[in-house]
Amino acid sequence: MEPNVEIRRLLDVMPASGRMTTKIVSKPEQAKVIDASFPQPWNQARPIYINFDLWRRLTKPQRDLLLLQMVSWLTGVKWFKPDIYQGVVLAGLLGGLLEAAQSDVVGVAVAGGLSAIAAFRIWRTNKSQESELNADAAAIRIAQRRGYSEAEAAQHLLSGIEAVAKIEARSGLNFTELIRCQNLRAIAGLSAVGMPESYNK
């Protein structure tokens, strides 16, 4: 597989929003098939690292869905959107600046603590199983615009997750992957058991 040719093909598969915010980078030395670092709020670049020697062992539909899922997860991480936690971070930072200007050490510590707690909450939400399930659903929606049916897309993503674990010589799927696979089996019509209500809220 010629990495540059595959990168061009994958860019065509990606939605326009993904092409603007993410970048595909060949990384032959990594042990993972596809990987991305959790995006930091101060870093606009969101690279996706692919080991093309391992990547070529997947089928084309598996590659499409795995990439779309990764792009959907990366573009779904929102550090700056109007909700309670972003408000607390902003209020904490502003309060910290005001207290610092008045040389109030305790005030600075309290404001900084509030900001840190809220920022951790935002980070945890974006790293949750729910964010992965949302990315799966988004990838399936995009794949439907690329000619896949919903069931086909879910099946390809499911088989891709399982194939990656084998290619990487892992002993099995992690907990989040098991939850995702169960959900994808239900979407693909391979299982009557879907996700618990708590995951669908």
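Above this text you will find the structure in question.
Residues numbered from 1 in each chain as written. Predicted model: local features only at pLDDT ≥ 70, side-chain atom pairs only at ≥ 80, totals over all residues. Heavy atoms only, no water.

Even without being a glycine, Ala-169 presents a positive backbone phi close to 55°. Locating Ala-169 in the fold gives a position in the loop between helix H8 (150–167) and helix H9 (175–188). For Ala-169, a relative accessible area of 67% puts it in the exposed group. (Helix = DSSP H or I, 4+ residues; strand = E, 2+ residues; numbered from the N terminus. Buried < 20%, exposed > 50% of the residue type's maximum accessible area, 1.4 Å probe, protein only.)

Further remarks concern the side chain of Arg-63. Along the chain, Arg-63 turns up in helix H4 (residues 60–76). Excluding its chain neighbours within four sequence positions, the residues that come into contact with Arg-63 are Met-1, Glu-6, Arg-9, Trp-55, Arg-56 and Leu-58. (Contact = heavy atoms within 4.5 Å.)

With respect to topology, three strands assemble into an open sheet ordered E1-E3-E2, the strand pairing being mixed. Where the open sheet ends on each side, the last strands, each with one partner, are strand E1 (22–26) and strand E2 (34–35). The pairing of E1 with strand E3 (residues 46–50) spans five bridges and is parallel. Bridging from a neighbouring strand, Val-25 pairs with Tyr-49 of E3. Of the strands in this sheet, E1, E2 and E3 are in contact with H4, which crosses E3 at around 155°. (Pairing = 2+ DSSP bridges. Axes fitted to C-alpha atoms, helices over the stretch in contact; angles between N-to-C directions.)

Here we take up H8. With 18 residues, H8 should reach 26 Å at 1.5 Å per residue; the first-to-last C-alpha distance of 25 Å fits that figure. Those residues of H8 lying buried are Ala-153, Ala-154, Leu-157, Leu-158, Gly-160, Ile-161, Ala-163, Val-164, Ala-165 and Ile-167. Check the buried side of H8 and you find it contacts helix H3 (52–55), H4, helix H7 (129–145) and H9. (Expected span 1.5 Å × (residues − 1).)

So, on to the packing of aromatic side chains. What describes a pair of aromatic rings is the distance from one ring centre to the other and the angle between the planes of the rings. Applying the stated criterion across every chain yields a total of one aromatic pair. Geometrically, the ring pair formed by Phe-38 and Trp-73 is tilted, given 5.9 Å between the ring centres and 55° between the ring planes. Of this pair, Phe-38 sits in the loop between E2 and E3 while Trp-73 sits in helix H4, and the two are 35 residues apart along the sequence. Across from the ring centre of Tyr-49, 4.7 Å away, lies the NZ or CZ of Lys-27, which sits over that ring. (Phe/Tyr/Trp six-rings, centres within 6.5 Å; stacked < 30°, edge-to-face > 60°. Lys NZ or Arg CZ within 6 Å of the ring centre and 35° of its normal.)

A few words on the pattern of salt bridges. Taken as a whole and judged by the stated rule, the model has 10 salt bridges. The residue Asp-64 makes a salt bridge to Arg-9 at a minimum N-O spacing of 2.8 Å. Of this pair, Asp-64 sits in helix H4 while Arg-9 sits in helix H1 (residues 3–13), and the two are 55 residues apart along the sequence. In this structure, the salt-bridge partner of Arg-180 is Glu-132, at a minimum N-O distance of 3.9 Å. You can see Arg-180 sitting in helix H9 and its partner Glu-132 sitting in helix H7, a full 48 residues away along the chain. For Arg-180, a relative accessible area of 8% corresponds to the buried category. Bridged by salt links that share partners, the residues Glu-6, Arg-9, Lys-60, Arg-63 and Asp-64 form one connected network. (Salt bridge = Lys/Arg side-chain N within 4 Å of Asp/Glu carboxyl O.)

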